[in-house]
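Results of the structural survey
Here is what each chain is made of, one letter per residue.
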Amino acid sequence: MAGTEGSPVVIVGAGVAGLSCARALAEGGRRALVLDRAHGVGGRCATRALEGQPVDYGAVFLHGRDPAFLAALDAVPATRLDWPADVHGSGPPCQPEAFSPGEVRRAFAEGVNAFPRHLAEGLELRLQRKVVGLVPGDGTVALRLDDGSFLEAETAVLALAAEQADELLATVLPAPPAVAAARALLATASSHCALALLAVYGPAAPRPPWHVSYPETSRIVQLVSHESSKRPGSPLLVLTYQAHPAWSRQHLDDPDWPRRVLDEAARLLGPWAADPRTAHPHRWRWARTDLAAELARPLLLALPGGARLGVAGDRFAPGGGIEAAWRSGRALAGRVLAGEGA
Ligand SMILES: Cc1cc2nc3c(=O)[nH]c(=O)nc-3n(C[C@H](O)[C@H](O)[C@H](O)COP(=O)(O)OP(=O)(O)OC[C@H]3O[C@@H](n4cnc5c(N)ncnc54)[C@H](O)[C@@H]3O)c2cc1C
């Protein structure tokens with residue numbers, strides 16, 4: 001991005017938190033380099049293509065109320081939808097505040113991943129780079145990558161699920177007091193996991209008359225997202241099923257979980273739902289922050305030797321989810337630009 005200078009802030013994680021941090025740094029005139037272990041950007045704000053259709057399988061819509069966040073969503077060059085408009089069932093939503101008064105809900109026909117893809121435009125990115133360790137040095141911190149190479153930074157940022165950030169903090173040995181305190185804070189709660197099943201049905205399958213269903217009678221399925229309703233004219237019915245956090249935790253390593261979800265889908269929707277023409281399972285080990293575990297702001301730690309280490313992500317702003325991830329990244333960028341922790 002033009003107008004940036006100095007040694008880059010190295011950001012680990014190209015999810016919404018890492019990308020919003022990088023953009024805000026670049027807007028403030030500071031170079032940022034974003035690393036991610038995945039093939040693409042977005043992390044849990046995830047969309048994949050199935051039979052030519054984009055399908056969301058992490059968060060299935062975006063929601064929030066911070067005017068700056070809503071303006072960032074409005075800036076995405078994609079087909080904006082006021083979705084979900086038709087909500088069925090009275091089971092508990094993943095994030096109850098998504099339906100509280102004043103909350104704005106959005107989706108994109110191209111998939112929710114259009115948002116992080118837009119945030120990533122013009123940024124320096126390196127994909128398929130997994131960071132496996134942190135080594136504080138004299139004025140810098142060295143990030144060890146899984147290919148054995150190192151990348152040095154005066155300021156590094158971990159923009160990951162809290163458990164993944166903790167794994168990296170655990171590699172700072174011996175742990176300086178600031179790192180030990182950060183780890184103690186992160187240990188106070190763990191994120192919920194979620195099993196998600198994407199199911200593509202043939203043209204004969206009936207189209208549900210709703211966008212999202214939260215079945216009140218299921219211990220297994222928390223949400224059914226009618227993905228093809230985001231893409232009018234789509235010849236195939238595509239649904240994403242998300243399992244309840246407690247059921248997901250119990251069945252994370254059960255190879256039969258996709259079958260169990262489809263059997264439950266048949267009970268909820270009708271026998272046709274048991275037999276999609278293709279089904280694609282995805283296990284989210286760290287899907288969502290427990291609302292009780294949210295922290296007020298991102299961390300900025302001073303390491304021995306003088307380097308700075310920031311920690312951002314959806315745990316590090318009130319409200320959780322994508323809006324919190326976005327806000328935490330920007331808040332951390334503001335603190336780095338202000339020279340805090342130097
Ligand atoms: C099934 C599901 C449903 C959800 N529903 C909602 C909802 O209704 N509303 C809502 O607001 N939010 C929801 N969320 C949560 C929302 O998606 C997340 O809160 C948000 O996307 C988190 O963004 P992040 O940038 O903090 O983390 P992430 O998106 O997890 O980004 C972290 C990135 O770091 C990368 N990474 C991890 N470890 C390493 C490493 N060692 N080296 C390099 N890269 C690494 C990952 O590949 C990832 O791209 C849901 C999530 C899931 C999974």
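Predicted, not measured: the structure shown is a model, and the values here were computed from it. (Residues numbered from 1 in each chain as written. Predicted model: local features only at pLDDT ≥ 70, side-chain atom pairs only at ≥ 80, totals over all residues. Heavy atoms only, no water.)

Let's shift gears to the overall build of the chain. What the chain contains, in helices and strands, is eight helices and 20 strands. For the chain, the C-alpha radius of gyration of 20 Å lies close to 20 Å, the compact-globule estimate for 342 residues. Seen along its three principal axes, the alpha-carbon backbone of the chain occupies a region of about 65 × 40 × 40 Å. Looking at the chain as a whole, 56% of its 342 residues are labelled buried. Looking at the chain as shown, the accessible area adds up to about 14000 Å², and 53% of this sits on carbon and sulfur atoms. (Helix = DSSP H or I, 4+ residues; strand = E, 2+ residues; numbered from the N terminus. Rg over C-alpha atoms; globule rule 2.2 N^0.38 Å. Buried < 20%, exposed > 50% of the residue type's maximum accessible area, 1.4 Å probe, protein only. Areas by Shrake-Rupley, 256 points an atom, 1.4 Å probe, with all protein chains shown as cover.)

Of all residues adjacent to the ligand, which total 33 residues, the nearest are D36, R44, H63, V131 and D314. A17 places a main-chain nitrogen or oxygen 2.9 Å from an oxygen atom of the ligand. Within the backbone of G43, one N or O atom sits 3.5 Å away from an oxygen atom of the ligand. Starting from 1000 Å² of accessible surface for the ligand in isolation, the protein chains cover 96%. Elements that contribute at least two residues to the shell around the ligand include exactly helix 1 (16-27), strand 18 (278-288) and helix 8 (321-337). Within the shell around the ligand, the residues separate by chemical class into 15 nonpolar, eleven polar and seven charged. Three or more residues apiece are contributed to the shell around the ligand by two domains, here domain 1 (5-42 + 117-190 + 292-337) and domain 2 (47-112 + 192-288). (Near = heavy atom within 4 Å. Polar contact = N/O pair within 3.5 Å; in protein donor to acceptor, adjacent residues only side chain to side chain. Nonpolar A, V, L, I, M, F, W, Y, C, P; charged D, E, K, R; others polar. Domains from an automatic or database assignment.)

Let us now look at the side chain of H280. Relative to the helices and strands, H280 resides in strand 18. Taking the relative accessible area as the measure of exposure, H280 reaches 18% and is therefore buried. Reaching out from H280, the side chain makes a polar contact with the side chain of T278 at a distance of 3.1 Å. Beyond its immediate sequence surroundings of up to four residues, H280 is in contact with R48, L50, A196, L197, L198 and V200. (Contact = heavy atoms within 4.5 Å.)

Here the focus is the sheet that holds strand 5 (residues 62-64). Strand order in the open sheet made by the three strands is 5-8-6, with antiparallel pairing throughout. Every other strand in the sheet has two partners, leaving strand 5 and strand 6 (80-81) as the edge strands with one partner each. Looking at chain direction, strand 6 and strand 8 (residues 104-108) are connected through two bridges and run antiparallel. Among the inter-strand pairings, L81 is bridged to a residue of strand 8, identified as A107. (Pairing = 2+ DSSP bridges.)

Within the fold, L50 resides in strand 3 (residues 47-50). On the basis of relative accessible area, L50 is assigned to the buried category, the value being 5%. Residues L50 and A199, 149 residues apart in the sequence, show an inter-C-alpha distance of 9.4 Å. L50 has contacts with V55, L198, V200 and H280, leaving out every residue within four places of it along the chain.

Turning to the domain arrangement of the chain, a few remarks are in order. Many authors give the size of an interface as the accessible area that is lost as the parts come together. Each assigned domain of the chain is listed with its residue range as follows: domain 1 (5-42 + 117-190 + 292-337) and domain 2 (47-112 + 192-288). One C-alpha centre belongs to domain 1, the other to domain 2, and the line joining them spans 29 Å. At the interface, 14 residues of domain 1 touch 18 residues of domain 2. Taken together, the links from domain 1 to domain 2 amount to one salt bridge. Linking R327 and D66 is a salt bridge whose minimum nitrogen-to-oxygen distance equals 3.4 Å. The tally of links from domain 1 across to domain 2 stands at five residue pairs in polar contact (both at pLDDT 80 or more). Elements represented by at least two residues in the side of domain 1 that touches domain 2 include exactly helix 3 (114-120), helix 4 (162-169) and helix 8. The element contributing the most residues to the side of domain 1 that touches domain 2 is helix 8, with five residues. Class assignment of the residues belonging to the side of domain 1 that touches domain 2 gives a composition of three nonpolar, six polar and five charged. (Salt bridge = Lys/Arg side-chain N within 4 Å of Asp/Glu carboxyl O.)

To continue, consider helix 2 (residues 67-74). Among the residues making up helix 2, those that are buried are F69, L70, A72 and L73. Axial view of helix 2: buried residues confined to an arc of 155°, hence all on one face. For helix 2, the elements touching its buried residues are strand 5, strand 8, helix 3 and helix 8. The distance from a side-chain oxygen at the start of helix 2 to the backbone nitrogen of A68 is 2.8 Å, and the residue carrying that oxygen is D66. (Arc of directions from axis to C-beta.)

What holds strands together in a sheet is hydrogen bonding between their backbones, with the strands either parallel or antiparallel. One open sheet holds the three strands; their spatial order is 10-11-12, and the pairing between them is antiparallel. Two strands in the sheet have a free side with no partner beyond their single neighbour: strand 10 (131-136) and strand 12 (150-153). Along the sheet, successive strands turn relative to each other by an average axial angle of 25°, direction set aside. (Axes fitted to C-alpha atoms, helices over the stretch in contact; angles between N-to-C directions.)

Turning next to the pattern of salt bridges. As enumerated under the stated definition, the model contains 19 salt bridges in all. Of the charged contacts in the structure, one is a salt bridge between R183 and D166, with a shortest N-O distance of 2.8 Å. Taken together, the residues span a long stretch of sequence, with R183 in helix 5 (residues 177-186) and D166 in helix 4 at a distance of 17 residues. Look at R183 and you get partly exposed, because its relative accessible area is 30%. Two residues, R283 and D253, come together in a salt bridge whose shortest N-O distance is 3.0 Å. Within this pair, whereas R283 is found in strand 18, its partner D253 is found in the loop between helix 6 (245-251) and helix 7 (257-269), the two being separated by 30 residues in sequence. Look at D253 and you get exposed, because its relative accessible area is 64%. Salt bridges linked by common partners bring D56, E227, K230 and R231 together as one network.

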